[in-house]
Amino acid sequence: MHDAFQLFPVLEQLPVQVESLAAIGDRLLIGTSRGQLLVYKVQNRTNDGVSIRLVDTKKSFAKQAIKQLEVIKEAGLLIALADDVVSLFDLQTYSPSMKLSNTKGAQLMITHTEIDHIKEIPVLVSKLCVVTRKKIIVFEWRDAQYHEYKEYPFSERIRSVQFATPNLLLIATSREFTSLHLPLGQWIDLFSADAASLRTAAKSRGGLGGTLAPPIKEMPASSPTSGGGNSGGGWGSWTRGFIGGGGSAAPMVVRMPNEELLLCREDIGVFITHAGKLSRNHNGPVSFPSVPINITYYSPLYLITTEKRATEDRTGSYWVVVRSVVDHSLIQELELGPEQSPCAAINGVNGKQVWIASASTVWYLLPVDIHKQVEQVLRGQDFEQAHNLIAQADNILEEERTQLIQKVQWLHARWLFSEEAEYERALDIFSELNATPTEAIAL
């Protein structure tokens, strides 16, 4: 374990109840239980902390709680799920633009923006998926211009949804994980949404790298309906762990770095590719010691969850838990406190900002400099972890990356030779580094 982040409370004892968050550039947007929108400007990100300043308050943004906030930066849109409907707002002025009347009864929404090739022409496609009680509605923008929407009837209650690609939705109900192929409305049942099924799927050698489901079959009863004239969209990445029937945590589908997704139920998570196949980059499932409340990530290194842990007085306390995306190993634990039940965990700026919120407090996870992280890991002789940190870090130059990896390899070889007496392995590494016989004999 090592210190990957510093946890800074940037807002404490707020007089309003936080319901939702969105981060865009140097702005943090907070939706409250009273329908207010609070706009903060992020300032002074240093090793000593982070400060934010309230720059705007929209008291009548919604009549009731703002349950979700999303942003489509490319189209200049802020999207809000409030009053059981999805509405669009101008991203700069926060003035209302349009209420999407066909989203009445909205329960969830998620957005995705990516370059897609349409008739072999690269197009910037933004999509907004809204889940209502009886249907899924997908709105689409192309190069920031509204294009169309389509509706897909669906009778079961959806607990979580995420875009794998612009044309593939992964969906979790209480009973199963399934996928919806756009725009024709083709459904694939993946497997049962229970922890035992996730364990079996992840450990099945025959399934690794293969598809998790039978061939695609089109469901005539779920054929889409189309329309135009409404517009909306969003951006962001966050997932909340809703509680399902019988006290069991509901399944979740969460975007991860490296074009992967995490399917999670209770204390088990499985990584899959954006094509809906089990990832070859992970050896087995992720086992959580307690059921995650929220799941997000810091790109490209860390899987971040909020969890409740037992205490001696049995009241429990809430924690932010950091794990390696590569090998799922525990990196760091940061305590929020016994009365700080987190309601949201989000990342912004392409996964480079992580914010955690409870009802009255907002925290910022400030990443520790990658060089300091490597130094910490090397002090514990964890050379593999040091190598992974350097190889995946995207804020260092390639020349520096090569030098750091060579330094780690050199230290590893010296340690094997001097401390472990594994001379053959050490000499193999020295050979890869083109070390001279004199340098090796000097050990």
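Everything numeric in this text was worked out from a predicted model, so none of it was measured.

Where do I start with the overall build of the protein in this structure?
Secondary structure assignment for the protein yields six helices and 31 strands. Here the analysis covers contacts within the protein between residues at least 6 apart in sequence; of these, 50% occur between residues at least 24 apart.

Explain the environment of K41 to me, please; I cannot follow it from the model alone.
Within the secondary structure, K41 sits in strand β4 (residues 37-46). It is 5.4 Å that separates the C-alpha atoms of K41 and I52, two residues lying 11 residues apart in sequence. Excluding residues within four positions of it along the chain, K41 makes contact with D26, S51, I52, R53 and V55. Here D26 takes part through its side chain, which lies 2.5 Å from a polar atom of the side chain of K41.

Would you take a moment to explain the packing of aromatic side chains for this structure?
Remark: the centre distance and the inter-plane angle together describe each pair of aromatic rings, the angle taken between the planes. Summed over the entire model, instances satisfying the criterion amount to 10 aromatic pairs. Considering the side-chain rings of F417 and Y423, the 4.8 Å spacing of their centres and the 70° angle between planes classify their relative orientation as edge-to-face.

Would you explain the nonpolar core in this entry?
One recurring pattern in soluble globular proteins: nonpolar side chains tend to sit buried together. Residues F5, Y302, I304 and L365 are the most contacted members of the largest nonpolar core, which totals 32 residues. Beyond its immediate stretch of four places on either side in the chain, L365 contacts F5, Q6, L7, I304, V320, L334 and V354. Listed in part, the 23 residues of the second largest apolar core include F8, V18, L21 and L366.

Looking at this model, I keep getting lost on the pattern of salt bridges. Mind explaining?
Any two side chains of opposite charge can pair, on the condition that their charged atoms come close. Counted by the stated rule, this structure contains 14 salt bridges. The partner of E156 in a salt bridge is R175, with the nearest N and O atoms 3.0 Å apart. One end of the pair, E156, is in the loop between β13 (145-153) and β14 (158-165); the other, R175, is in the loop between β15 (168-173) and β16 (176-181), with 19 residues separating them in the sequence. On the accessibility criterion, E156 (22% relative accessible area) is partly exposed. Judged by its relative accessible area of 59%, R175 is exposed. A salt bridge links R309 to E333; the nearest nitrogen and oxygen atoms lie 2.7 Å apart. Taken together, the residues R309 in strand β26 (residues 302-309) and E333 in strand β28 (residues 330-337) connect sequence positions 24 residues apart. By relative accessible area, R309 is classed as buried at 18%. Under the relative-accessibility criterion, E333 is labelled partly exposed at 30%. When salt bridges with common partners are traced through the structure, they connect E307, R309, R323 and E333 into a single cluster.

Even after reading the chapter, I still don't get the sheet that holds strand β2 (residues 18-24), so can you show me in this structure?
Hydrogen bonds between backbone groups are what pair the strands of a sheet, and the pairing can be parallel or antiparallel. Pairing is antiparallel in the open sheet, where four strands are placed in the order β2-β3-β4-β5. Each of the sheet's edge strands pairs with one partner strand only, and the pair in question is β2 and β5 (49-58). When the angles between neighbouring strand axes are averaged without regard to direction, this sheet yields 25°.

Sorry if this is basic, but what is going on with the packing of helix α2 (residues 370-379) against helix α3 (residues 383-392) here?
At their nearest, the axes of α2 and α3 sit 8 Å apart, and the two run at 170° to each other. The angle between α2 and α3 falls in the class roughly antiparallel. Crossing of α2 against α3: the hand is left-handed. Where α2 abuts α3, its residues I370, Q373, V374, V377 and L378 lie against F383, Q385, A386, L389 and I390.

What counts and how
Residues numbered from 1 in each chain as written. Predicted model: local features only at pLDDT ≥ 70, side-chain atom pairs only at ≥ 80, totals over all residues. Heavy atoms only, no water. Helix = DSSP H or I, 4+ residues; strand = E, 2+ residues; numbered from the N terminus. Contact = heavy atoms within 4.5 Å. Polar contact = N/O pair within 3.5 Å; in protein donor to acceptor, adjacent residues only side chain to side chain. Phe/Tyr/Trp six-rings, centres within 6.5 Å; stacked < 30°, edge-to-face > 60°. Core = buried A, V, L, I, M, F, W, Y, C linked by side-chain atoms within 4.5 Å. Buried < 20%, exposed > 50% of the residue type's maximum accessible area, 1.4 Å probe, protein only. Salt bridge = Lys/Arg side-chain N within 4 Å of Asp/Glu carboxyl O. Pairing = 2+ DSSP bridges. Axes fitted to C-alpha atoms, helices over the stretch in contact; angles between N-to-C directions. Parallel < 35°, antiparallel > 145°, perpendicular 65-115°, else oblique. Left-handed = near helix turned anticlockwise from the far one by under 90°.

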